Amino acid sequence: HPAKGQRNERDDDECIENDGRKDGAEGAVQPHDVERAELGVGDGEGCRQDSPFRAILSAVIFNALIIIALVPLALRGVAYRPIGAAPLLARNALIYGLGGIIAPFIGIKLIDILVVATRLA
């Protein structure tokens with residue numbers, strides 16, 4: 001028997017089995033469950049990927065498109081502008097840093113929507 005205050009697996013299983021019996025609604029569908037299902041809330045529907053394969057496929061497609069888009073920028077280079085280090089760092093951090101954090105989330109979600117619409121996965 002575990003020490004006082006500690007739990008074991010049997011206690012957890014009993015809690016799960018008894019969870020529905022507390023209010024006398026064992027296995028019954030509650031009105032709020034129906035509302036959540038109809039509205040698609042409460043289960044992370046807005047950002048959840050249904051399958052790991054689809055998530056990986058969307059990310060790989062996004063990365064391939066980004067690489068293709070950045071190759072011309074890398075080959076062309078950027079024009080030299082005689083400005084200070086602080087303004088240059090602020091500008092580049094805003095454009096490339098913030099864009100590199102936000103753009104993948106938006107891009108991968110849009111590609112995921114396309115993957116679902118075209119039934120690739």
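Residues numbered from 1 in each chain as written. Predicted model: local features only at pLDDT ≥ 70, side-chain atom pairs only at ≥ 80, totals over all residues. Heavy atoms only, no water.

1. With respect to the overall build of the protein chain
Defined as follows: Secondary structure elements are defined from DSSP: runs of H or I of at least 4 residues count as helices, runs of E of at least 2 residues count as strands, and each element is numbered from the N terminus. For each residue, the accessible area found with a 1.4 Å probe, counting protein chains only, is set against the maximum for its type, and the residue is called buried under 20%, exposed over 50%, and partly exposed in between. Contacts: residue pairs with any heavy atoms within 4.5 Å of one another. Here the accessible surface of atoms and residues is derived via Shrake-Rupley with a 1.4 Å probe, and residues count as covered only by protein chains that are part of the display.
Secondary structure summary: the protein chain contains four helices and zero strands in total. When its helices and strands are written in sequence order, the protein chain yields α-α-α-α. For the protein chain, with 121 residues in total, the buried portion stands at 7%. Residue pairs in contact within the protein chain that sit at least 24 positions apart in sequence constitute 77% of those at least 6 positions apart. Carbon and sulfur atoms provide 65% of the accessible area of the protein chain, an area that totals close to 10,100 Å².

2. Points about a nonpolar patch on the surface
As a reminder of what qualifies: Without a salt bridge and with relative accessible area above 30%, a residue can belong to a patch; like charges are then joined within 9 Å and nonpolar side chains (Val, Leu, Ile, Met, Phe, Trp, Tyr) within 5 Å. Within this document, salt bridges are pairs made up of a side-chain nitrogen of Lys or Arg and a carboxyl oxygen of Asp or Glu, the two lying within 4 Å of each other.
On the surface, Val78, Leu94, Ile95, Tyr96, Leu98, Ile101, Ile102, Phe105, Ile106, Leu110 and Ile113 cluster together into a nonpolar patch covering about 1,100 Å² of accessible area. The topology assignment puts leucine 98 in helix H4 (residues 85–118). For leucine 98, a relative accessible area of 42% gives the class partly exposed.

3. Re the pattern of salt bridges
Here the structure, examined in full by the defined rule, presents two salt bridges. Linking aspartate 112 and arginine 54 is a salt bridge whose minimum nitrogen-to-oxygen distance equals 2.7 Å. With aspartate 112 in helix H4 and arginine 54 in helix H3 (residues 52–76), this residue pair connects regions lying 58 residues apart in the sequence. We classify arginine 54 as buried; its relative accessible area is 9%.

4. Let's talk about the confidence of the model for the protein chain
We apply this condition: What pLDDT reports is the predictor's confidence in each residue, on a scale of 0 through 100.
Considering every residue of the protein chain, the mean pLDDT works out to 74; 59% of them sit at 70 or more. The secondary-structure element of the protein chain with the lowest mean pLDDT is helix H1 (residues 9–19), recorded at 51, while H3 shows the highest, at 92. Low pLDDT (under 50) marks residues 16–20, which in the prediction has two contacts with non-local residues, meaning those over four places away or in another chain.

5. Observations regarding H4
Heads up, the rule is: To estimate how far a helix should reach, multiply one less than its number of residues by 1.5 Å.
Taking 1.5 Å as the rise per residue, H4 with 34 residues should run 50 Å; its terminal C-alpha atoms sit 47 Å apart, in good agreement. Buried residues of H4: Gly107, Ile111, Asp112 and Val115, and no others. Looking at the buried residues of H4, the elements they touch are H3.

6. Here's the deal with the packing of H3 against H4
Let me state the cut-off plainly: Simply put, an axis is a line fit to the C-alpha atoms, just over the touching stretch for a helix, and the angle between two N-to-C directions goes from 0 to 180 degrees. The cut-offs work like this: below 35 degrees is roughly parallel, past 145 is roughly antiparallel, 65 to 115 is roughly perpendicular, and the gaps in between are oblique. When the near helix sits turned anticlockwise from the far one by under a right angle, the crossing is termed left-handed; a clockwise turn instead gives a right-handed crossing. Three classes are used: nonpolar for Ala, Val, Leu, Ile, Met, Phe, Trp, Tyr, Cys and Pro, charged for Asp, Glu, Lys and Arg, and polar for all others, with Gly counted as polar.
Across the interface, H3 lies against H4 with an axial gap of 8 Å and an inter-helix angle of 130°. One element, H3, and the other, H4, form an angle in the oblique class. Here the hand of the crossing between H3 and H4 comes out right-handed. Two secondary-structure elements touch here, H3 through Arg54, Leu57, Ser58, Ala59, Ile61, Phe62, Leu65 and Leu73 and H4 through Tyr96, Ala103, Pro104, Gly107, Ile108, Ile111, Asp112, Val115 and Val116. Within the contact of H3 with H4, the residues separate by chemical class into 13 nonpolar, two polar and two charged.

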